[in-house]
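Architecture at a glance
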Amino acid sequence: MKTLRVTWDDGDDKMVAGLPLPLDPAVLCSGMTFESLNAGYTSYRQVSQFCFSTGDMNPIYLRDDAGRRLGFKGRILPGRFIGSLVEGAITSHQLFRDPILQSVQETYKKPVYPGEKLQLTLKVLHIQEARELGGFLITLGFWAYGEDGEIVIIGTHTFLVFK
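An account of the accompanying structure is given in this report. (Residues numbered from 1 in each chain as written. Predicted model: local features only at pLDDT ≥ 70, side-chain atom pairs only at ≥ 80, totals over all residues. Heavy atoms only, no water.)

**Describing the pattern of salt bridges**
- Taken as a whole, this structure holds 7 salt bridges when the rule is applied.
- For the salt bridge of Asp64 with Arg75, the shortest nitrogen-to-oxygen distance reads 3.3 Å. Remark: Arg75 occurs in the loop between α3 (64–69) and α4 (79–92) and Asp64 occurs in helix α3; sequence separation between them is 11 residues.
- Judged by its relative accessible area of 25%, Asp64 falls in the partly exposed class.
- When its relative accessible area of 16% is taken as the criterion, Arg75 is described as buried.
- For Arg80, the salt bridge goes to Glu106, with nearest N and O atoms at 2.7 Å. Pair noted here: Arg80 is in helix α4 and Glu106 is in strand β4 (residues 100–108), with a separation of 26 residues, a long-range link.
- Judged by relative accessible area, Glu106 falls into the buried class, the value being 15%.
- Residues joined in a network through salt bridges with shared partners are Arg63, Asp65 and Arg69. (Salt bridge = Lys/Arg side-chain N within 4 Å of Asp/Glu carboxyl O. Helix = DSSP H or I, 4+ residues; strand = E, 2+ residues; numbered from the N terminus. Buried < 20%, exposed > 50% of the residue type's maximum accessible area, 1.4 Å probe, protein only.)

Structure, rendered in C-alpha cells:
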C-alpha cells in the first residue's frame with residue numbers, strides 16, 4: 001500500500017503520520033501538510049506543446065533570445081504551465097481519487113526555466129462537505145520550490161473529491 005507522509009500541528013504537539021493513498025477526505029483536517037512532493041521536470045518540447053495547444057505563442061516562452069532581451073537567462077515557462085504541474089503532481093501522486101479542479105489562485109514569484117525540477121509543499125486549508133455534489137470541496141495551499149530552494153509559485157487549488 002502506498003502511503004504519504006503528513007504532518008500537522010494541533011496547537012500542543014506536531015504530529016507525523018503515514019496515510020494510505022488515495023486519501024479519504026473524511027480523515028483530513030485543516031493544517032495537515034504534505035512536503036517534498038515531486039512536481040515534475042519540464043522539457044523544451046513540453047513547453048512548446050503547451051504553447052501550441054493553448055495558442056499562447058508569446059516568444060518569451062518559445063525562444064531564448066526573447067527571454068534574454070527581457071533580462072532572463074533564456075525562455076521561461078508560462079505561469080499556467082507551472083500551475084498545471086502543481087495540479088498534475090496532486091493527481092500523479094494519487095492524493096485523492098479522481099479529483100476535479102474547481103478553482104485556482106496563483107501568484108508567480110520567480111521565473112522557472114525549461115529543465116528545472118520543482119518540489120511542492122501542500123497544506124489542507126479548508127474542507128467542506130458538498131452533499132449536493134456527492135463529495136467534498138478541499139482547498140489546498142501550495143508552495144512550489146525551484147532547484148535553488150526558492151519559492152517560484154504560491155497559491156490555492158480547490159478540488160471536488162469523492163470518497
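**A short note on the pairing of strand β7 (residues 151–161)**
- In terms of residue burial, β7 counts as a mostly covered element, since 8 of its 11 residues are buried.
- Here β4 runs beside β7; their pairing, made up of 8 bridges, is antiparallel. By the bridge assignment for β7, Val104 is matched with His157.
- Note that strand β6 (residues 135–145) and β7 share 10 bridges and pair antiparallel. In the strand pairing of β7, Phe142 is matched with Gly155.
- Hairpin connection between β6 and β7: a loop of 5 residues separates the two successive antiparallel strands, and Gly149 in this loop has a positive phi of roughly 85 degrees. (Pairing = 2+ DSSP bridges.)

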